[in-house]
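The residues making up each chain are set out below.
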Amino acid sequence: MVARSKPPRAAPRGPAAARRQALRADKDGDVSMGLSIKGRAGVGKSTPPTGPRKDAAGGRPSRNGIISATAQRAILRQAGASDVSMKEVRSSGPRGGLVELKVTGWNKSKASGDEDGGVSSLLKWLEKKASVRLGSRARSVRIKKSRVEGSDLIVKVAPEDVPPLVRMNGYGWAGTTVSIERLGGAVQGTPVVSSEAERIKEMLRHVLERRYDLETKFLNLSALGQDEELQQQKIFESKSTTSKFFPAMMKVLEHSFDKKEDLFAAITSVSLANNDLEDLAAVTSLSITLPRLQNLDLSNNKFRKLSALDNWRRRFGQLERLILTGNPIEQNDPGYAVEVVKWYPNLRQLNNVQVRTEEEVANKAQITDMPFPIRSAIFQDEGGIAEQFVLKFFAGFDSDRAVLAAYYFDEHSEFSYAVNSQAPRDPAATEKHEAGEWEGLLKQSRNLRKIQQLPARQARIFHGTKAVADAFIGLPQTKHPDLAAEAKKWIVEARMVPGVPDPTGQSPNGVDGFFITVHGEVEELVASSGQIKKRSFDRTFILGPGGVAGVRIVSDQLTLRSYGGTQAFEPENAEGWNAEPTYAAQAEIDGAPQLPEGLTIPQAEQMVAALMSQTGMTLQYAKDCLDQSGWNAQVAVVNFEKAKAILPPTAFMSTAA
Amino acid sequence: MATLTETDYARVSTDAAERFVDLYYSALDGSRSSIKTYYVPTIVQDNGRGLPSISYNGELLADSAAFQERWEKQMPWTHFEAQSVNVHVMNPTMMPGAGRSKKDAEHNMSLIVQVSGSVRLGERREGPLRGFSDSFVLVPNAELSRAAGKGGHGRPWLIQSQTFRFVV
């Protein structure tokens, strides 16, 4: 966990301490720890400012000794649970009349050479630093009037601006330590804190505020053990307060914002570097409070093995950059990086080394090392038979199933359906699970995993036109998406198979037929409720010659399952529609007319490349477009213009953005 | 020649489908060196088309050896779960007059098997979970009797055509 506290001025030890010696001032004049990690850029550029020094000029009394350790524990518990608004604290104090504050200790600053001795930049800094930036109730502190009296700067502010300014007592500015105290009147106007819990909450808020950089949206929680304000609170002196501190701070952070979205937008980067963390137990709440973090610095902790990071392996789904350098895991488990990259599908950089390109991240469905990337459908038709069948079948299924059954089925045809109620659902969770959602369909489902008895198995297969028609009519009313207009919702594949029964009996060994598989979605009208239910389906047909339609259905198997989305239908990457040797070899054997006669593959490639540069479409889409346009370049462009508006973003090559 | 009843067809086909599915997906998960034994031997038919015909996520594999090699060398850890299985008889009498006994008749049909399920990829519990659909044309293993006679292990049904897709 966070380093056990050591005396504030303990002799430096270890690299962190050594770096801590290298105090430098940032451009605001804050004294900050020269923390840049061995020259490697962190996730954010700021470094944590130190906490206020001890009461150098007799400002606010130190809280040491005021709160017992027990009280602190109780407070931290409350701070974590309570949702008392921070507003109460800030707005306490009398209204009206301006309050005077005396600022000292700034004269010898680096800005003292300025025309005004640095006063204007000091004022600017005071306003900026005292303003609340982290939270939905953000407000700016305004210094209404100011004057210099000898070595003192006297500023006049509204009473509600007093606490945030007084709190800055002991801050470093431009190489000096500034003291701020209230003039004229003791108690009046100082924050009247309603309870110890409120006091702790305000302190934690203050720590967060001080460590937050508005411009880079960076919350720097590095080296918390060295934070002097936290040390003053003896946070890290007992195990109990140590373990409660971080969750409490996260709660305070959450309560500073009215809406989670505002919080997520305000903080996109966090550093937990230099915290002596051995695992994530103490800080795991970060992933609850800021689940959409993009940049995370965990460098220079004490993570020894991958399991120490286990808490966060399924968190931070949007993490883009992660830094783990300076942890023992680098030596102990050199293979850790490979694993960590797998944990975060959006990770672009690990330890400032690129691990994924934007393009790779875009293909989210892609499984690392998956040897069978998703490709577009294989549709090996002959004279448009399979295509015509699929178009007519699903249109007929939605409109008139009795006619459909008479048209495509004969006395030997078989139909049955199976319900897979356990199928994975759409990752985007667009369709909710509903109790009893398969009711009605289960009584004829022929899922052999569920239907074990032979008589039931036999009863649930429908043989011949009449039985098929009756079974069809018994199914709920359906509406399938239009095959042409909503092609992205379908995968239709077709190939020839031998050995299909020959109704004429002339070929005793069977004839060639089509093996057609269709995956898609269907809207069902639920009779009992009148509601529309969207499901996914898989349908496998065997077509043979014969019948009134010229083709007849030998076998029709339907699987119904929960809606699974369409993302699995998107080709994962555009490579290799003719580059795969196995595919090319097979295509040759098949004599599959992938290209029209007289068009060579190099020529086709040129056409695809030209269409890609003309339209910005990906290789796959350009190729598909040409396919659908009969490999006529001009027709392809016309078709592209027509379809442009409905093409998904993935149809286009990603630009520099 | 013995004829089979509808009940016989239902019994033979469903038993065969279930046994095949159990063994085949176990082989994909844990016995990848045996994958090619689930497919018919590679042949080129008179019309020039090759068998077995394997279509996997939109890619045609040249033969079962190439398919098996891909699984052995590149496929990450998998765990398949066939959540739904169904089967029809595609051709009830593949070879006319092939054998006289009922047992011969029971082994003279081709089957079409449809499977719907999930597959965990990469690692137990934490790996991505995909939904898949797998359709097979199974034919009797012509070599079975000979292999059995020699004491070899013969699979009764072999994959002649297959179409696999991730669907979720």
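Since we're looking at a predicted model, the values are computed, not measured.

**Regarding the overall build of chain A**
Of the regular secondary structure elements, chain A holds 21 helices and 22 strands. Every one of the 657 residues in chain A was classed for burial, and the buried ones make up 50%. Partitioning the contacts of chain A with sequence separation of at least 6, the portion at a separation of at least 24 is 69%. Taken as a whole, chain A presents about 29,500 Å² of accessible surface, with 52% of it coming from carbon and sulfur.

**Observations concerning helix 2 (residues 64-73) of chain B**
Residues and elements named next belong to chain B. Residues of helix 2 that are buried include every one of Ser 64, Phe 67, Gln 68, Arg 70 and Trp 71, and no others. Buried residues of helix 2 fall within an arc of 155 degrees about the axis and therefore sit on the same side. One side-chain oxygen at the N-terminal end of helix 2 lies 3.1 Å from the backbone nitrogen of Ala 65; it belongs to Asp 63.

**Overview of the nonpolar core**
One finds A:Ile267 and A:Leu286 to be the most contacted residues of the largest nonpolar core, which totals 53 residues. Looking at this core, the elements with two or more residues in it are helix 6 (196-210), helix 8 (239-255), helix 9 (260-266) and helix 12 (336-343) of chain A. Element by element, the count of residues in this core is highest for helix 8 of chain A, at seven residues. Among all residues touching A:Leu286, those that are not within four sequence positions of it are A:Phe246, A:Met250, A:Val270, A:Leu272, A:Pro291, A:Leu293, A:Leu296, A:Trp312 and A:Phe316. With 43 residues, the next largest nonpolar core counts B:Val12, B:Val21, B:Ala82 and B:Val89 among its residues.

**Let's talk about the packing of aromatic side chains**
When we look at a pair of aromatic rings, we describe it by the centre distance and by the angle of the planes. Residues and elements named next belong to chain A. On inspection of all chains with the given rule, the structure shows 44 aromatic pairs over all chains. A centroid spacing of 6.4 Å and a plane angle of 80 degrees characterise the contact between Phe 245 and Phe 246, whose relative ring orientation is edge-to-face. You'll find Phe 245 and Phe 246 in the same group, each marked buried. Between Phe 415 and Tyr 417, the aromatic rings sit 6.4 Å apart at their centres with planes inclined by 35 degrees, giving tilted as the arrangement. The exposure class of Phe 415 is buried, given its relative accessible area of 0%. Note on Tyr 417: relative accessible area 3%, which makes it buried. Between the NZ or CZ atom of Arg 401 and the centre of the ring of Phe 397, over which it lies, the distance is 4.3 Å. Over the face of the ring belonging to Phe 397 we find Arg 539, whose NZ or CZ atom lies 4.5 Å from the ring centre.

**Side note on the interface of chain B and chain A**
Contact residues are listed per partner, giving 74 residues for chain B and 79 residues for chain A. Counting the surface lost from both chain B and chain A, the interface buries some 6,200 Å², and carbon and sulfur atoms represent 52% of this. In this structure, B:Asp22 engages A:Arg449 in a salt bridge whose closest nitrogen and oxygen atoms are separated by 2.9 Å. Our count for the contact surface shared by chain B and chain A stands at 34 residue pairs in polar contact (both at pLDDT 80 or more).

Cut-offs used in this document
- Residues numbered from 1 in each chain as written.
- Chains lettered and ligands numbered in written order.
- Predicted model: local features only at pLDDT ≥ 70, side-chain atom pairs only at ≥ 80, totals over all residues.
- Heavy atoms only, no water.
- Helix = DSSP H or I, 4+ residues; strand = E, 2+ residues; numbered from the N terminus.
- Buried < 20%, exposed > 50% of the residue type's maximum accessible area, 1.4 Å probe, protein only.
- Contact = heavy atoms within 4.5 Å.
- Areas by Shrake-Rupley, 256 points an atom, 1.4 Å probe, with all protein chains shown as cover.
- Arc of directions from axis to C-beta.
- Polar contact = N/O pair within 3.5 Å; in protein donor to acceptor, adjacent residues only side chain to side chain.
- Core = buried A, V, L, I, M, F, W, Y, C linked by side-chain atoms within 4.5 Å.
- Phe/Tyr/Trp six-rings, centres within 6.5 Å; stacked < 30°, edge-to-face > 60°.
- Lys NZ or Arg CZ within 6 Å of the ring centre and 35° of its normal.
- Buried area = accessible area lost by both parts, 1.4 Å probe.
- Salt bridge = Lys/Arg side-chain N within 4 Å of Asp/Glu carboxyl O.

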